[in-house]
Amino acid sequence: GLTEYEKALTEAVKRVKPAVVGIKTFRGIDTETPEEVASGVIFRPDGYILTNAHVLHRASRVIVFTADGKEYEAALLAPARDYDLAILKISGSHLPVVTFGDSDKLELGQTAIAIGNPLSFGWTVTHGVVSALNRQVLVQHTRYTNLIQTDAAINLGNSGGPLVSTLGEVIGINTLIYENPEVNTHGLGFAISSNTAKRVLNQLLRTSGVTGPGAHVKLGLGMYDLTEELALQFGIPVVRGVVVETVESGSPAAKADLMKGDVITKVDGNPVTASDSLIHYIQEKSPGDEIALEVWRKGIRGTVRVKLEAATP
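In this report, we go over the structure that sits alongside the text. (Residues numbered from 1 in each chain as written. Predicted model: local features only at pLDDT ≥ 70, side-chain atom pairs only at ≥ 80, totals over all residues. Heavy atoms only, no water.)

1. Quick look at the overall build of the protein
- Scanning the protein from N- to C-terminus turns up 5 helices and 20 strands.
- Computed over C-alpha atoms, the radius of gyration of the protein comes to 21 Å, within 12% of the 20 Å expected from 2.2 N^0.38 for 313 residues, which places it in the range of a compact globule.
- With respect to the three principal axes, the spread of C-alpha positions in the protein is 65 × 45 × 40 Å.
- Residues classed as buried in the protein amount to 45% of the 313 residues present.
- The long-range share in the protein, meaning contacts at least 24 apart out of those at least 6 apart in sequence, stands at 59%.
- If you sum the accessible surface of the protein, you get close to 15900 Å²; carbon and sulfur atoms cover 51% of it. (Helix = DSSP H or I, 4+ residues; strand = E, 2+ residues; numbered from the N terminus. Rg over C-alpha atoms; globule rule 2.2 N^0.38 Å. Buried < 20%, exposed > 50% of the residue type's maximum accessible area, 1.4 Å probe, protein only. Contact = heavy atoms within 4.5 Å. Areas by Shrake-Rupley, 256 points an atom, 1.4 Å probe, with all protein chains shown as cover.)

Dropping the structure here:
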């Protein structure tokens, strides 16, 4: 049997691995020998993948392999070279996706699991701990900031793959191995923090003019962010969430009996930190999907199920 700790590790891997992809890049007319082998994570069910920008440098063709053995031609949507992050797009739907964790809450010594496609051996899992936070590293004129240092073995080909917590959340994007030919170094891997990755990813999507697939899904709420003062006023013990200001009549929210003054703190078990986090979550959904909202009303917590509908243009 497995210990509880081992169970947590294997569950975390099971949660994330389906959304980890292998990447091969080709240059020029040579379609036999890959220029680079790397990894990436699917973050939207309609085929958007986050990886490192450096692995796509000079690539004329990019092939993505998913964990279920399928192969896709990928288009480079947008690179942010300053942050060494890039978005690839493959044509797919209902693909498995990763959940990003909050890297600001990481603790030194907590377990870190690296999942990737090193040296194109296929999917490999290594684990270690979060060794240091907010590291700055200069590599070939690129200054990386706010990196997570880990001793989880990160090899060539892990680049762009996820660093994962035991909760199965992506806490970083594996990016660098520190190598010094004069000194024998081990266990110096670096990952871009998940909060940096999320911020850059949203900027890249905006600059590429990509709107969520859920620009076509409707909830029917007007809302504003909860503050500590408001939480006291509403008599609820949480300080993160959104307050319902308006409910559009006939909308999914109205049909689910949501009311002005309700405070939404979770969606499908995920904390709602601000109105944009709820909107972003809903944009991943399709008409007909049901979401569960944790709602506080007059100081009492309950769950409201809302069936999303197609937005009429």
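So, next bit.
2. Examining the packing of aromatic side chains
- Under the counting rule described, the total for this entry stands at 1 aromatic pair.
- Over the face of the ring belonging to F26 we find R61, whose NZ or CZ atom lies 5.8 Å from the ring centre.
- The aromatic ring of Y48 is capped on one face by K89, whose charged end is 5.0 Å from the ring centroid. (Phe/Tyr/Trp six-rings, centres within 6.5 Å; stacked < 30°, edge-to-face > 60°. Lys NZ or Arg CZ within 6 Å of the ring centre and 35° of its normal.)

3. Some words on the sheet that holds strand β12 (residues 189-193)
- With respect to topology, 6 strands assemble into a closed barrel ordered β7-β8-β9-β12-β11-β10, the strand pairing being antiparallel. Across the sheet, the axes of successive neighbouring strands diverge by a mean angle of 55°, strand direction being ignored.
- Note: strand β7 (residues 111-116) against strand β10 (residues 162-164), 2 bridges, orientation antiparallel. Bridge pairing in β10 places I113 opposite V164. (Pairing = 2+ DSSP bridges. Axes fitted to C-alpha atoms, helices over the stretch in contact; angles between N-to-C directions.)

4. Focus: the sheet that holds strand β3 (residues 48-51)
- Taken in spatial order, the 6 strands close into a barrel running β1-β2-β3-β6-β5-β4, and their pairing is antiparallel. The mean angle between the axes of side-by-side strands here comes to 40°, regardless of whether they run parallel or antiparallel.
- In the sheet, strand β1 (residues 20-26) pairs with strand β4 (residues 61-65) via 5 bridges, with the strands oriented antiparallel. Among the inter-strand pairings, K24 is bridged to a residue of β4, identified as I63.

5. Examining helix α5 (residues 275-283)
- Among all positions in α5, only S275, L278 and I282 are buried. For α5, the arc enclosing every buried residue in end-on projection is 65°, short of the 170-degree limit, so these residues lie on one face. (Arc of directions from axis to C-beta.)

6. Focus: the pairing of strand β8 (residues 124-139)
- Judged from the 6 bridges that link them, β7 and β8 form a sheet pairing that is antiparallel. Considered in β8, the bridge of A114 is made with T126.
- A loop of 2 residues connects β8 with strand β9 (residues 142-150), the two strands running antiparallel in sequence, and Q140 in this loop sits at a positive phi of about 40°.

7. Focus: the nonpolar core
- One finds F43, L50, V64, L88, V98 and I173 to be the most contacted residues of the largest nonpolar core, which totals 48 residues.
- Among the nonpolar cores identified, the runner-up in size contains 19 residues, and L221, I282, L293 and L308 belong to it. (Core = buried A, V, L, I, M, F, W, Y, C linked by side-chain atoms within 4.5 Å.)

8. Some words on unusual backbone geometry
- The backbone of R58 shows a phi angle near 65°, a positive value even though the residue is not glycine.
- Mapped onto the elements of the fold, R58 is located in the loop between β3 and β4.
- The class of R58 is partly exposed, set by a relative accessible area of 48%.
- Even without a glycine there, the phi angle at N146 is positive, about 55°.
- Along the chain, the position of N146 falls in strand β9.

9. Here's the deal with the environment of V13
- Counting through the fold element by element, V13 comes out in helix α1 (residues 4-16).
- Not counting the four nearest positions on each side in its chain, V13 is found in contact with P18, I113, I115 and V125.

10. Quick notes on the pattern of salt bridges
- Overall, the coordinates contain 13 salt bridges when judged by the stated rule.
- Put simply, E35 and R58 hold a salt bridge, and the shortest N to O gap is 3.5 Å. Of this pair, E35 sits in the loop between β1 and β2 (36-44) while R58 sits in the loop between β3 and β4, placing them 23 residues apart in sequence.
- Classification of E35 by relative accessible area gives partly exposed; the value is 36%.
- We note a salt bridge from K260 to E245, for which the minimum N-O separation is 3.7 Å. Residue K260 is found in the loop between α4 (252-255) and β16 (263-267), and its partner E245 is found in strand β15 (residues 242-247); the two are separated by 15 residues along the sequence.
- Given a relative accessible area of 60%, K260 falls into the exposed group.
- A residue is classified by how much of its surface remains accessible, and E245, at 35% relative accessible area, is partly exposed.
- Residues participating in the shared-partner salt-bridge network are R27, E35 and R58. (Salt bridge = Lys/Arg side-chain N within 4 Å of Asp/Glu carboxyl O.)

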